[in-house]
Structure formats: structure tokens, C-alpha cells
Amino acid sequence: KSASHHVEIIGQEIRRLDERIQGFLKFVRPDEAKFGPVAIALTELLVMLVVMQWIARRVFKLDRVLALLLAAGTAVCGAAAILWVASGIKARAQQAAIAVTLITLAGTLALLAYPIGFLQGWLPGLDDDRYGILVGASIYELAQVYGASFAVSELALNTATRASGKRSLNWR
């Protein structure tokens with residue numbers, strides 16, 4: 001089967017999961033909801049989408065679809081967001097594959113560079129806790145978050161895991 005077939009199947013599954021989550025959230029009482037964090041997360045998401053799409057188009061001269069896929073992957077949670085958006089906008093399988101590859105490459109570079117930079121003292125002002133926040137907020141794939149944070153300390157790992165989880169949950 002073709003790559004586009006697999007991208008479409010993954011996109012369908014992600015849309016189904018999204019529908020289930022949205023259905024569950026309809027039961028949340030508005031008077032119990034905390035709209036401040038939601039507003040902050042939504043603002044962050046929109047700013048990242050716009051800024052990353054602008055950088056991809058203007059600086060790297062990428063086409064509109066690839067720029068949108070990379071912006072979504074950067075703003076939300078990496079490869080899963082790319083595939084979800086790709087299925088929604090009917091992106092070509094090649095565009096989705098390129099975007100997933102680039103996001104994975106960026107995460108892998110961060111996985112290697114962050115611990116080295118921290119341990120060599122090239123990231124001044126960061127203790128293990130703040131380093132964990134940096135890692136959890138900026139690396140997209142959870143396995144890469146684990147690797148980059150555990151290489152430093154257990155405190156960094158615990159903080160990075162929480163930061164990554166909050167980032168992933170805030171966009172939903």
C-alpha cells in the first residue's frame with residue numbers, strides 16, 4: 001500500500017480520537033473551567049503557527065503546504081500534529097513525510113545538543129529544574145524529551161516530563 005494510504009488511515013484515527021475528546025469535554029461545566037490557561041495556550045499556539053509558517057515561507061522558501069505542516073508540528077506536538085493536519089488539508093504523502101522527517105531530525109539534534117550544552121555550561125542560568133522545563137517545552141517527541149533530560153538528572157527528567165505533558169494537553 002502507498003504512503004498516502006497510511007497517512008490517510010493515521011489521520012482518520014487521530015480525527016476519531018479528537019472527536020471522542022471533544023465529546024468528553026462537552027461535559028465539563030463552564031463555571032469549573034479555567035479559561036486563563038486555555039487562553040494563554042491558544043495564544044501561544046496561534047503565535048507559533050503564524051511565526052513558524054512565516055519563517056518556513058520567507059526564510060526557507062518552502063511551499064505553503066509544507067510550511068503549514070512544519071508550523072503545526074512545531075506549534076503542537078511534532079509528528080502527530082503534522083499527520084493530523086496533513087490529512088485535514090489533503091497534503092501529498094511526500095509533503096507529510098518530509099515534514100515528519102524534519103521535525104524528527106530537529107528533535108534528534110536537540111536530544112544530542114541540549115545535554116551537551118547544559119553539562120558544558122553553555123546554558124548559563126539553568127539549574128536541573130529549569131533545564132527540564134526548557135527540554136519539555138521545546139522538544140516535541142516524548143522519547144526525545146526523556147533522553148535529553150535523563151542524560152542530565154532525574155529531577156530534569158521529572159520536570160521535563162511534566163512540562164511536555166502540559167504543553168501537549170494545553171492545545172486540546
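Residues numbered from 1 in each chain as written. Predicted model: local features only at pLDDT ≥ 70, side-chain atom pairs only at ≥ 80, totals over all residues. Heavy atoms only, no water.

A. Structural detail: the overall build of the protein chain. Helix and strand content of the protein chain: eight helices and zero strands. Secondary structure elements of the protein chain occur, N-terminal to C-terminal, as α-α-α-α-α-α-α-α. By residue count, 33% of the 172 residues in the protein chain fall in the buried class. Residue pairs in contact within the protein chain that sit at least 24 positions apart in sequence constitute 58% of those at least 6 positions apart. Element-wise, carbon and sulfur atoms account for 66% of the exposed surface of the protein chain, whose accessible area totals about 10700 Å². (Helix = DSSP H or I, 4+ residues; strand = E, 2+ residues; numbered from the N terminus. Buried < 20%, exposed > 50% of the residue type's maximum accessible area, 1.4 Å probe, protein only. Contact = heavy atoms within 4.5 Å. Areas by Shrake-Rupley, 256 points an atom, 1.4 Å probe, with all protein chains shown as cover.)

B. The environment of Ala110, seen in detail. The residue Ala110 is located in helix 5 (residues 93-119) in this model. For Ala110 and Ser138, which are 28 residues apart along the polypeptide, the C-alpha to C-alpha distance reads 8.6 Å. When neighbours within four sequence positions are excluded, Ala110 is seen to be in contact with Pro115, Ile139 and Ala148.

C. The arrangement of the confidence of the model for the protein chain in detail. On average, residues of the protein chain carry a pLDDT of 81, and 74% of them reach 70 or more. At the low end of the mean pLDDT range in the protein chain sits helix 1 (residues 3-25), at 62; at the high end sits helix 5, at 94. Low pLDDT, under 50, characterises residues 27-31; the stretch is placed with two contacts to residues that sit more than four places away or in other chains. (pLDDT = per-residue confidence, 0-100.)

D. Spotlight on the environment of Val85. Take Val85: it is sitting in helix 4 (residues 79-89). Through-space distance from the C-alpha of Val85 to that of Leu69 is 6.6 Å; in sequence the pair is 16 residues apart. Each residue touching Val85, except ones within four places of it in the same chain, is listed here: Leu68, Leu69 and Ala72.

E. Representation of a nonpolar patch on the surface. A surface patch of nonpolar side chains, amounting to about 340 Å² of accessible area, comprises Ile98, Leu102, Leu105 and Leu109. Inspection of the secondary structure puts Ile98 in helix 5. (Patch = residues over 30% accessible without salt bridge, like charges linked within 9 Å, V, L, I, M, F, W, Y side chains within 5 Å. Salt bridge = Lys/Arg side-chain N within 4 Å of Asp/Glu carboxyl O.)

F. Local environment of the packing of aromatic side chains. Counted under the stated rule, the structure contains one aromatic pair. Seen from their ring centres, Phe118 and Tyr131 are 4.6 Å apart, and the 35° between their planes marks the pair as tilted. Remark: Tyr131 occurs in helix 6 (residues 128-138) and Phe118 occurs in helix 5; sequence separation between them is 13 residues. (Phe/Tyr/Trp six-rings, centres within 6.5 Å; stacked < 30°, edge-to-face > 60°.)

G. Up close: the packing of helix 6 against helix 7 (residues 142-150). Running from N to C, helix 6 and helix 7 cross one another at 160°; their axes reach a closest spacing of 9 Å. It follows from the interaxial angle that helix 6 and helix 7 lie roughly antiparallel. Crossing hand, helix 6 versus helix 7: right-handed. Counting all contacts with helix 6, which are made through Tyr131, Val135 and Gly136, the residues of helix 7 involved are Val145, Ala148 and Ser149. In terms of residue class, the contact of helix 6 with helix 7 is built from four nonpolar, two polar and no charged. (Axes fitted to C-alpha atoms, helices over the stretch in contact; angles between N-to-C directions. Parallel < 35°, antiparallel > 145°, perpendicular 65-115°, else oblique. Left-handed = near helix turned anticlockwise from the far one by under 90°. Nonpolar A, V, L, I, M, F, W, Y, C, P; charged D, E, K, R; others polar.)

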